[in-house]
Structure formats: C-alpha cells, structure tokens
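Remarks on the overall topology
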Amino acid sequence: MRTEPAYAKLNLTLDILGKRPDGYHDLRMVMQSIDLADQVTLSPREEPGIGVTADLPYLPRDGGNIAAKAAAAFFAQSGVPPVGLTIAIRKMIPVCAGMAGGSSDGAAVLRVLRDLYAPEMPMEQLEEIGALIGSDVPYCVRGGTALAEGRGEHLTALPPLPPCSLVVCKPACSISTPELFSLVRMKKLRCHPDTAGMLRALEDQDLERIARRIYNVFEDVLPRRYAEVFSIKSELLGMGAMAASMTGSGPTVFGVFRDRESAARAAESLSGQYAAVHLCRPI
Ligand code: ATP
C-alpha cells in the first residue's frame, strides 16, 4: 500500500495565444502547486483490473476516473505487466474548480507506479504518458512552479514562488471549460498577461512584481452570471491581497498575501459566505 499526495495547482498566469488546426488552443501558463492535496492510496490486489474508491459519491469509480485512466495508460505504455490495483482517493481539492484535481490524482498514480514498477523510467517519459490522459497531467506529474506551453504539456521549470500565503475560494457555481474556450475571440482579447515579466520577477524572487503580473485571460470572457468571481476578487483585494485572480477555467479565485495573519482573516471572513475556502501555501 502506498499513499501519495496529489497537490492542487493555481494559475499565476493563463494566456491563450491562438487556436490550433487540431481544435485545441495554444496556451502559455505559469503554474504553481499549493499544499491543498488529495490523498491517493494504491493497493495491489489479487483480482486483475483497476478498482477506484472515492470519498465523494459523484466521482467515477470505474475506468472513467482519471486515476484509473492513468494506471491503465501506465501499464499500456511502459511495458510493465499490468497488476490488479485498488486506488482509494480522499478528495480535498474542490472538483471542477480549475485546480486540476483530477489531473493531479492521475499524476499521483503515475508517480507511485513508476516508483514501484519502473524506477529507471525518466521523468520526461512519465510526463509523456501523462499527456495521453490530459493536458494538465504532465505538469501535475512534476509540480512546483513551471511554465506550461502548447496544450499545457511543454514544461519549463521556474524558480519557486517566494514564500507567501494564498487564500483559495471556490464559489458554488461551476463553469464549463469548453464553453469558456468557445467564448474566446482571439482578436477581442483586450489584455494578455506579461508572461516574460512574470518569469523575470520569479527569477528575481520579487513578490511585489510577481503579484502585479498575475492575470488570467478567461476573466475577460466570463459571462455575467459568474459575477461572483469578481466579487470574491474585490473582497480579497479589500482585505489586503497583493493580487487576486481566477485560476484555470475557474470558478475558483485565489488571493496572494504577504503575511499569514491578513490571509487568515480574509479566509475567515470568506468562509462565512462560501463553503470551500482554504488557507494555503505554495509548494
Ligand atoms: P482542470 O483545472 O484541469 O480543468 P478541474 O479542477 O476544473 O480541472 P476536475 O476537478 O479535475 O476539474 O474534474 C473535472 C471532471 O473530471 C469532473 O466531471 C469529474 O467527475 C471528473 N473526474 C474524473 N476523475 C476525477 C478525480 N479523480 N477527481 C476529480 N474529478 C474527476
């Protein structure tokens, strides 16, 4: 039996560069892991195949779970003979939240299977297997701070986000990722994040400059019914956040705070209105 943390991610930046002939969009994103994590436990079993249990009743328990897809892809691609497995998921990362929860569970499964059955497999190969499952999986395999390009699978390691506190708040609404992409009109995107400036600010470990460059282009195309995203942003900024932004395709919003006390006060205040509020740190 082996338990692995599956960390959530935040987008410090999310930029859309264009639409590709294959229907996907070309993205450029600065990603950051945070210490909000699911726990993914793998137990080999006699019975062949992959069984999934999860503490949330509405998650798939069959081959449709991203964790099961990851295990199947690992055995299919690595040449390791398949073993029977039970994967138990304790969910802490909000679902459909723009925090790559499912992708991170899949990545945790890949890391454990590699450690157990193919320790010589290079990380790049594991990330390539991850790319077959989903665009965010290669990043989740690696974690930390990284630039993700292409569909999200081309990764460059970056210097870490300097120590800070993060307040993560998911409103009850959910946003469809395909719907958001369908609303993007490249010529109408008014602003793009200064990704190059973000990379320099990370290099210099300058939290002030990093905070000024946090930006997600999806905020520009959010339909009015997601106004809660902007009210959470304003509340975070009003309570002292250096920056606040939606992560991924939302609707989760995060605020960056220099000191733990103001972050804790903001988290406390938001938890009176929203069920999913977390006080986190980058990892
Ligand atoms: P991303 O940030 O990568 O767009 P997300 O946070 O918006 O992801 P997820 O929570 O990863 O979305 O899950 C989205 C869908 O995947 C849900 O419909 C969910 O039922 C399904 N799913 C399959 N396996 C899992 C899993 N292990 N954890 C969460 N969701 C899963």
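As shown above, the structure is provided for reference.
**Brief notes about unusual backbone geometry**
- The omega torsion of the bond from Gly-250 to Pro-251 falls at 5 degrees, within 30 degrees of zero and hence cis.
- When you line up the elements, Pro-251 lands in the loop between strand 9 (243-246) and strand 10 (253-257).
- The phi dihedral of Cys-96 falls on the positive side, at around 50 degrees, and the residue is not glycine.
- A relative accessible area of 57% places Cys-96 in the exposed class.
- Backbone geometry at Gln-205 places phi at a positive 55 degrees, although glycine is not the residue there.
- One can find Gln-205 in the loop between helix 6 (195-203) and helix 7 (207-212).
- Overall, Gln-205 belongs to the partly exposed group, its relative accessible area being 36%.

**Thoughts on the pattern of salt bridges**
- Inspection of the entire model under this criterion finds 17 salt bridges.
- For Arg-20, the salt bridge is made with Asp-22, and the minimal N-O distance between the two is 2.8 Å.
- The buried category is assigned to Arg-20, whose relative accessible area is 19%.
- A residue is classified by how much of its surface remains accessible, and Asp-22, at 45% relative accessible area, is partly exposed.
- For the salt bridge of Arg-209 with Asp-206, the shortest nitrogen-to-oxygen distance reads 3.2 Å.
- For Asp-206, a relative accessible area of 24% translates into the label partly exposed.
- Within this structure, Arg-2, Glu-4, Arg-111, Arg-114 and Asp-115 form a network of salt bridges that share partners.

**Some details on the site of the ligand**
- Surrounding the ligand, one finds 19 residues, the nearest of these being Lys-91, Cys-96, Ala-100, Gly-102 and Asp-136.
- Take Gly-102: an N or O atom from its main chain is 2.7 Å from an oxygen atom of the ligand.
- Taking 610 Å² as the accessible area of the ligand by itself, protein coverage stands at 77%.
- Here the residues of the shell around the ligand sort into 9 nonpolar, 6 polar and 4 charged.

**Some words on the packing of helix 1 (residues 66-78) against helix 2 (residues 101-117)**
- Running from N to C, helix 1 and helix 2 cross one another at 35 degrees; their axes reach a closest spacing of 8 Å. In this structure, helix 1 meets helix 2 at a crossing whose hand is right-handed. Contacts from Ile-66, Ala-67, Ala-70, Ala-71, Phe-74 and Phe-75 of helix 1 reach helix 2 at Gly-102, Ser-103, Asp-105, Gly-106, Val-109, Leu-110, Leu-113, Arg-114 and Tyr-117.
- When the residues that make up the contact of helix 1 with helix 2 are grouped by side-chain class, the tally is 10 nonpolar, 3 polar and 2 charged.

**Points about the side chain of Lys-9**
- Checked against the element boundaries, Lys-9 lands in strand 1 (residues 2-19).
- Although buried, Lys-9 forms no salt bridge, and the nearest oppositely charged side chain, Asp-136, lies 4.4 Å from it.
- Side chain to side chain, Lys-9 and Asn-11 meet in a polar contact 2.6 Å long.
- Within the structure, the side chain of Lys-9 is placed 3.0 Å from the backbone oxygen of Gly-98, a separation counted as a polar contact.
- Apart from residues no more than four positions distant in its own chain, Lys-9 is found in contact with Met-31, Gln-32, Ser-33, Gly-98, Met-99, Ala-100, Asp-136, Tyr-139, Thr-247 and Gly-248.

**Notes on the environment of Glu-128**
- Assignment of secondary structure puts Glu-128 in helix 3 (residues 123-133).
- Glu-128 sits in the exposed class, given a relative accessible area of 55%.
- Along the sequence, Glu-128 and Ala-201 sit 73 residues apart, while their C-alpha atoms lie 29 Å from each other.

**A look at helix 1**
- Look at helix 1: 18 Å from first C-alpha to last across 13 residues, which is about the 18 Å you get at 1.5 Å a residue.
- Buried residues of helix 1: Ala-67, Ala-68, Ala-70, Ala-71, Ala-73, Phe-74 and Phe-75, and no others.
- Close packing links the buried residues of helix 1 with strand 3 (50-54), strand 4 (85-90), helix 2 and helix 3.
- Capping of helix 1 at its N-terminal end is provided by Asn-65; its side-chain oxygen lies 2.9 Å from the backbone amide nitrogen of Ala-67.
- Phi turns positive, to about 85 degrees, at Gly-79, one or two residues after helix 1.

Each value, and the rule that gives it
Residues numbered from 1 in each chain as written. Predicted model: local features only at pLDDT ≥ 70, side-chain atom pairs only at ≥ 80, totals over all residues. Heavy atoms only, no water. Helix = DSSP H or I, 4+ residues; strand = E, 2+ residues; numbered from the N terminus. Buried < 20%, exposed > 50% of the residue type's maximum accessible area, 1.4 Å probe, protein only. Salt bridge = Lys/Arg side-chain N within 4 Å of Asp/Glu carboxyl O. Near = heavy atom within 4 Å. Polar contact = N/O pair within 3.5 Å; in protein donor to acceptor, adjacent residues only side chain to side chain. Areas by Shrake-Rupley, 256 points an atom, 1.4 Å probe, with all protein chains shown as cover. Nonpolar A, V, L, I, M, F, W, Y, C, P; charged D, E, K, R; others polar. Axes fitted to C-alpha atoms, helices over the stretch in contact; angles between N-to-C directions. Left-handed = near helix turned anticlockwise from the far one by under 90°. Contact = heavy atoms within 4.5 Å. Lys, Arg positive; Asp, Glu negative; His and termini not counted. Expected span 1.5 Å × (residues − 1).

Take it as geometry only, folks, not as evidence of what the structure does.
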